[in-house]
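Fold and geometry: a report
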Amino acid sequence: MNKLLMEENDRLQKQVSQLVYENSFFRQQTQNATLATTDTSCESVVTSGQHHLTPQHPPRDASPAGLLSIAEETLTEFLSKATGTAVEWVQMPGMKPGPDSIGIVAISHGCTGVAARACGLVSLEPTRVAEILKDWPSWYRECRNVDILNVLSTGNGGTIELLYMQLYAPTTLAPARDFWLLRYTSVLEDGSLVVCERSLNNTQNGPSMPPVQYFVRAEKLPSGYLIRPCEGGGSIIHIVDHMDLEPWSVPEVLRPLYESSTLLAQKTTMAALRQLRQISQEVSQPTNTGWGRRPAALRALGQRLSKGFNEAVNGFTDEGWSMMESDGIDDVTLLVNSSPAKMMGVNLSYASGFPSMSNAVLCAKASMLLQNVPPAILLRFLREHRSEWADSSIDAYSAAAVKAGPCTLPVSRAGGYGGQVILPLAHTIEHEEFMEVIKLENVDHYREDLMMSGDVFLLQLCSGVDDNAVGTCSELIFAPIDASFSDDAPLLPSGFRIIPLDSGVDGSSPNRTLDLASSLEVGPAGNKASSDNSGHTGSAKSVMTISFQFAFEMHLQENVASMARQYVRSIISSVQRVALALSPSRFGPQMGFRPLPGTPEAHTLARWICQSYRCYLGVELLKPSNEGNESILKTLWHHSDAVMCCSLKALPVFTFANQAGLDMLETTLVALQDITLEKTFDDNGRKTLCSEFPQIMQQGFVCLQGGVCLSSMGRPVSYERAVAWKVLTEEDNAHCICFMFINWSFV
């Protein structure tokens, strides 16, 4: 493939040089002809075309001859970017070379707007490649629609199309974009097929597209696809995307979204290559995937999930969305949609649509800025630990909307999850995106005031979970489905989108584990990051967009609105708590990051706990080891007795626990800080603790008789005895109180 691409590059370089030479020659001829005659009507295609190739780019004539001139110029400029040096290209950061790579990807450096270029080899014929790539909505997830307003045939067998295209906004904090385009499809002398495009913003005396409400008119500079047939079948394809997305129209903190060539490459250029490779693979290996679905059917479901989520995030009035009044706090936006198209799941072939008792959809959405949290790690946590942020009764309520039975408003209940099973369906090329069915077991359903236990199924689309990918948009989009999993079932997608606001290389170690408990598992290849990375992530920012949709009956609108607003706010709170815990600064320098002020990193805390225990009780807490701090932390983490620390505040809360401590409290490290010491003991335990607390502070430790305490789920836990001691820092300052519950068990 390398050899083919090098030969192709040499050939196209020569072709570009020849085209530039011919262009200069014809331009000179045109100028001479213009000076020699008084006929300035520009009737000839050549004269008209070369007249508009002057460096000043005056307003263009949009007659057929003028459009052909623009098309030919677009072709020349596109080829100079695709195979030449009209744009300075640098290698895409984080791209993995090798036989499994989708191609060679580069991004622009120092040009107007943002640009990306890619070259790859696919086993599809050129005409099929062009057909796929021209159908933007089928593979470009941000494309809302493309309207072909006019088609002209050219004398050389080519086609000129006038297009109006709309793109969704990726977040609630910025307006959507639209384009008024010319697309030129032609065949070069060597048989290569070319599809090139550019904006028509400065034409005159011809077709135009007035500004559209809620959209910012962006500009596409000469871009497109060069598709060369290969001997024996297949195609070599060169892709160029070059846009000016008008970053001035968004808040300054969001401008990197519109100034990042890396993001453009990820969302557009590489997405096109992946679509081609995916379809090529499906053609060569036409097999069914998960649940007996063909790949094309799963791709269609994925497209519907993504489109439904984008519709909710943007909330366009022409799709039936209307905004509800705020409750005085503008953190969550509510919209309502009762249009028939929405209620039919935008799929009229599904005869019943949503149940007749659900005649409207409510969307609750919000965006938030995150700092110093790698999007991939946060998204993986949200995917694998759904019970940390989701409410089982809300999931049951949403699931009931796709079934043929009425449902009442949910009552929030903690701990309603019986379990989560992930059933994979399909992966795209390079596993950049995958679809799965989530089975939530033993979830309480509320119907007609009756509570029934059952399973809830969610169709879920996940992308951007690779730590090594740079500038990647991470998404987790899901929708409740019936167990029948019909291809035309209505979908109400909800979920999360996290977009990095800087295109630099993420400094966090790719080996950092998602599981917070496992982040204490240290070893030779564990959570060590090079100190060279410490300066790269201190100010790393990303924007997270959250959108949840609920089908409901119109007379319950106020109740559902209140529930949705409260639910999304609770999710925001959970995400913020998870983000803080996942932040690389959580455990300090051993990961190459600066620790939060006043928060000791994990190894230091483990050492303080053991030293203080030895100081006050005169014996070792752990067996001696010569392996240093890492071994102390690991041994403490796996200690059979429950060890946990609480803060020295008026209302002490837990700040750390080992694995046994988390098991005893029935919680995780993320939720640990929400548990107060007072709630852990029963009445007798609280009285004993109050009487013994002064002794802990004065003497440094106290031994407690056996008793009963409570887990976070309210379950009684018996213990044979307990020890509490004061944990001192290196300067002998009291840092926290540590408890150890010996021989504990659930009653």
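Residues numbered from 1 in each chain as written. Predicted model: local features only at pLDDT ≥ 70, side-chain atom pairs only at ≥ 80, totals over all residues. Heavy atoms only, no water.

1. Digging into the pairing of strand β16 (residues 360-371)
Heads up, the rule is: When a residue's accessible area, from a 1.4 Å probe over protein chains only, is under 20% of the maximum for its type it is buried; when over 50% it is exposed; and in between it is partly exposed. Helical segments are the DSSP runs of H or I of at least four residues, strand segments are the runs of E of at least two, and each set is numbered from the N terminus. The pairing criterion is simple: DSSP has to find at least two bridges between the two strands.
Extensive coverage of β16 is indicated by the burial of nine of its 12 residues. Bridging between strand β15 (residues 333-337) and β16 involves five bridges; their strand directions are antiparallel. From the neighbouring strand, L334 faces β16, where its bridge partner is A364. As paired elements, β16 and strand β22 (residues 541-552) share 12 bridges and run antiparallel to each other. Following the sheet pairing, K365 is matched in β22 by S547.

2. A look at helix α3 (residues 64-82)
Stated formally: To estimate the expected span of a helix, count its residues, drop one, and scale the result by 1.5 Å.
For α3, with 19 residues, the first-to-last C-alpha span of 26 Å sits near the 27 Å given by 1.5 Å per residue. Within α3, 15 of the 19 residues are buried, leaving the element largely enclosed by the surrounding structure.

3. Section: unusual backbone geometry
Although it is not a glycine, Y214 sits at a positive phi angle of roughly 75°. Locating Y214 in the fold gives a position in the loop between β9 (203-204) and β10 (215-217). Residue class for Y214 comes out partly exposed when judged on its relative accessible area of 45%.

4. Some words on the packing of helix α4 (residues 126-134) against helix α6 (residues 261-284)
Helix packing for two helices is described by the angle between their axes and how far apart those axes are. Applicable threshold: Only C-alpha atoms enter the line fits that serve as axes; for helices the fit covers just the stretch in contact. Angles between N-to-C directions range over 0 to 180 degrees. Small angles under 35 degrees read as roughly parallel and large ones over 145 as roughly antiparallel, with 65 to 115 read as roughly perpendicular and the rest as oblique. Note on convention: near helix rotated counterclockwise from far helix by under a right angle means a left-handed crossing. Clockwise means right-handed. Only heavy atoms enter the contact rule, under which two residues are in contact if any of them lie within 4.5 Å.
Orientation of α4 relative to α6, taken along the N-to-C sense of each, is 130°, at an axis distance of 10 Å. The angle between α4 and α6 falls in the class oblique. Taken as a pair, α4 and α6 cross one another with a handedness that is right-handed. Taking contact as the criterion, the partners of R128, V129, I132 and L133 in α4 are, on α6, A272, Q275, L276 and I279.

5. What to know about the packing of aromatic side chains
How two aromatic rings sit relative to each other is given by the distance of their centres and the angle of their planes. As a reminder of what qualifies: For this analysis, a ring pair means two rings from Phe, Tyr or Trp (six-membered ring only for Trp) whose centres lie within 6.5 Å, classed as stacked if their planes differ by under 30 degrees, edge-to-face if by over 60, and tilted for the remaining angles. Here, over-ring charges are defined by two tests on the NZ atom of lysine or the CZ atom of arginine: distance to the ring centre within 6 Å, and angle to the ring normal within 35 degrees.
Evaluation of the coordinates by the stated rule reveals 18 aromatic pairs. Judged by centre distance (5.0 Å) and plane angle (15°), the ring pair of F215 and F316 falls under stacked. Taken as a pair, F215 in strand β10 and F316 in the loop between α7 (295-314) and β14 (321-323) lie far apart in primary sequence, 101 residues in all. Note on accessibility: F215 and F316 belong to one class, buried. Arranged with centres 5.0 Å apart and planes meeting at 90°, the rings of W389 and F496 form a pair that is edge-to-face. Here the residue W389 occupies a position in the loop between α9 (375-384) and α10 (392-400), and F496 occupies one in strand β21 (residues 494-500), the gap between them amounting to 107 residues. The class of F496 is buried, set by a relative accessible area of 0%. Here R386 stacks its cationic end above the ring of F478, 4.5 Å away from the centre of that ring.

6. Observations regarding the pattern of salt bridges
As a reminder, the rule being used: By salt bridge we mean one thing: a side-chain nitrogen of Lys or Arg within 4 Å of a carboxyl oxygen of Asp or Glu.
Counted under the stated rule, the structure contains 21 salt bridges. Taking the shortest distance from any N to any O, the salt bridge between K134 and E161 comes out at 3.7 Å. Of this pair, K134 sits in helix α4 while E161 sits in strand β6 (residues 159-167), and the two are 27 residues apart along the sequence. A residue is classified by how much of its surface remains accessible, and E161, at 7% relative accessible area, is buried. With a shortest N-O distance of 2.8 Å, E282 and R299 are connected by a salt bridge. In this pair, E282 sits in helix α6 while R299 sits in helix α7, placing the two residues 17 residues apart along the sequence. R299 sits in the partly exposed class, given a relative accessible area of 27%.

7. Points about the side chain of Q166
We apply this condition: Any pair of nitrogen or oxygen atoms within 3.5 Å is treated as a polar contact; in protein, a donor-acceptor pairing is required on top of that, and neighbouring residues in sequence qualify only through side-chain atoms on both sides.
Inspection of the secondary structure puts Q166 in strand β6. Residue class for Q166 comes out buried when judged on its relative accessible area of 6%. At 3.0 Å, the side chain of Q166 and the side chain of Y164 are in polar contact. Contacts of Q166, omitting those with residues within four sequence positions, involve E142, C143, R144, N145, R177, D178, V212 and F215.

8. Topic: the nonpolar core
We count it as follows: Throughout, nonpolar core names a set of buried Ala, Val, Leu, Ile, Met, Phe, Trp, Tyr and Cys residues whose side chains join them through atoms within 4.5 Å.
Core analysis: the largest hydrophobic core is formed by 52 residues, its most contacted members being L362, L378, W389, F496, M544, F548 and F550. Among all residues touching L362, those that are not within four sequence positions of it are M324, L334, L335, V336, F548, Q549, F550, F552, A561 and A564. In this structure, A118, Y140, L245 and A271 belong to the second largest nonpolar core, which totals 49 residues.

9. Thoughts on the side chain of Q557
Counting through the fold element by element, Q557 comes out in helix α11 (residues 557-582). Excluding anything up to four places from it in sequence, Q557 contacts M324, V336 and F552.

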